[in-house]
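Each chain is listed here by its residues.
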Amino acid sequence: MLKLAIELGTSVTKIYGVGSGIVLAESTCLAVSRESGEVRAYGNEAKRLHGKTAEDTAMVFPVCGGEIVDEPHAGALLEYFLGKVVRRAFRVEALFCVPCGTSIQSREKYYRVAKSAGISRVEFAETPFLVALGQDVALSESNPVFAIDIGAGKTSTAVFSLDGIIAGLTMDVGGNRMDTLIIDHIAGLYHLKIGPQTSEKLKNTVGSLLEYDNQSMIVNGRDVVTGKPRAVTVSSGDIFYPISKYVDKVIEYAELLLRKVPAEVSAAMCKNGVYLAGGVAAVSGFGEYVANKLQMEAHLAEDVHTAVVLGGGRVVGSNALMRKICLK
Ligand SMILES: Nc1ncnc2c1ncn2[C@@H]1O[C@H](COP(=O)(O)OP(=O)(O)O)[C@@H](O)[C@H]1O
Ligand SMILES: [Mg+2]
């Protein structure tokens, strides 16, 4: 049996194979013909078409805000990804990395999608555990850990020990909402309408939570008055607000969570700090910003993009961790 950890992220699907490591990281999207329903492109190849397709081609994002919203396309995409990493004859056991507090109904959707893609055995684990395990934190019953996974559609934060979640929360905040706000913000600042790919690239290239960061990038878009193509130079400071607005939201929720845990747990949090991962954690200065706001040490994963699925790989590769971490 081949053991995989799979994160079907809102933005990026990551797959870890026990014995092989990270074997796939591709966009969770498809390009589909509106007329025939035929899939024209999958994954990264489809993503490159985003915002550039002709009328007849629709972009489909089958996972939205961490939830499967289109089971047939999610199944087709997963089958395509598995085809890239698994030889046909293998039976597959998969651990799905899901946001904290994912409902039974949502897990049933994952289950059906996984079965339709040919997976034999399906298990689930919540991402905050995996953020910590992906950073090689040794979990125990007596030492609570605090972790945040900040992705494209959802952010999950939890305080937990090997015994389970002490307090956890998932919110609809992530990179996608930042991208949308950046589009509006640039339209307001420069009267320039930019596309979704440009907005995301801008955030990921010059976005920064460091006060004096002064990176810049030339972006192309359409003048909202004349309708003509135009370019402007956008700096880190220009997009500080759309990024910090949502990071501040995450911090607000994290503080709420910390207020809910028993005093002993709080004390342990102060000592242990917070573990951070998820794509948005790659924004410059994220660790320092969170540490400063929460007044505790922040441990940023070495590779924030893959830490969760790496943690999932640790779980699926260990019977003891499977018994402790998997959702019942
Ligand atoms: N350097 C970066 N700065 C800010 N955001 C980033 C950076 N790199 C990636 N992201 C964002 O992280 C998100 C993807 O993170 P990921 O954890 O893979 O999300 P998911 O698991 O929800 O698919 C996207 O919104 C992407 O734009
Ligand atoms: Mg994720």
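Not measured: the values here are computed from a predicted model. Every residue gets a number counted from 1 within its own chain, in the order that chain's sequence is written. Written order determines the labels here, with chains lettered from A and ligands numbered from 1. Per-residue local features of the predicted model are confined to residues with pLDDT of at least 70, and side-chain atom pairs are confined, for both listing and counting, to 80 or more; whole-chain, interface and lining totals are unaffected and use all residues. No hydrogens and no water enter the side-chain calculation; it runs on all heavy atoms of the structure.

## Examining the sheet that holds strand 13 (residues 164-171)
Part 1: Pairing in this open sheet of five strands is mixed, and the strands run 13-12-11-17-18 from one edge to the other. Because the sheet does not close on itself, it has two edges, and the strands there are strand 13 and strand 18 (298-300). On average, each strand axis in the sheet is inclined to that of its neighbour by 20°, with strand direction left out of account.
Part 2: Any two strands with at least two DSSP bridges between them are considered paired. Think of it this way: any DSSP run of H or I at least four residues long counts as a helix, any run of E at least two long counts as a strand, and we number them from the N terminus. In this structure, strand 11 (residues 145-150) lies alongside strand 12 (residues 155-161), joined through six bridges in antiparallel fashion. Paired with I150 across the two strands is T155, which belongs to strand 12. Angles shown run from 0 to 180 degrees and are taken between the N-to-C directions of axes, each axis being a line fitted to C-alpha atoms and, for helices, limited to the stretch in contact.

## A short note on the sheet that holds strand 14 (residues 192-193)
Part 1: Across the sheet, which stays open at both edges, the three strands sit in the order 14-15-16 with antiparallel pairing between neighbours. Each of the sheet's edge strands pairs with one partner strand only, and the pair in question is strand 14 and strand 16 (229-235).
Part 2: The contact criterion used is simple: two residues touch if any of their non-hydrogen atoms lie within 4.5 Å. In the packing of helix 5 (residues 175-190) onto the sheet, contacts are made with strand 14 and strand 16, and the angle to strand 16 comes to roughly 105°.
Part 3: Against the sheet, helix 6 (residues 196-206) touches strand 15 (216-223) and strand 16, its axis set at about 165° to strand 15.

## Quick notes on unusual backbone geometry
Part 1: The phi dihedral of D136 falls on the positive side, at around 65°, and the residue is not glycine.
Part 2: Assignment of secondary structure puts D136 in the loop between helix 4 (127-133) and strand 11.
Part 3: We call a residue buried when its accessible area falls under 20% of the maximum for its residue type, exposed when it is over 50%, and partly exposed in between, using a 1.4 Å probe and counting protein chains only. Judged by relative accessible area, D136 falls into the exposed class, the value being 61%.
Part 4: Phi angles above zero are rare outside glycine, and H191 is one such case at about 55°.
Part 5: Judged by relative accessible area, H191 falls into the partly exposed class, the value being 46%.

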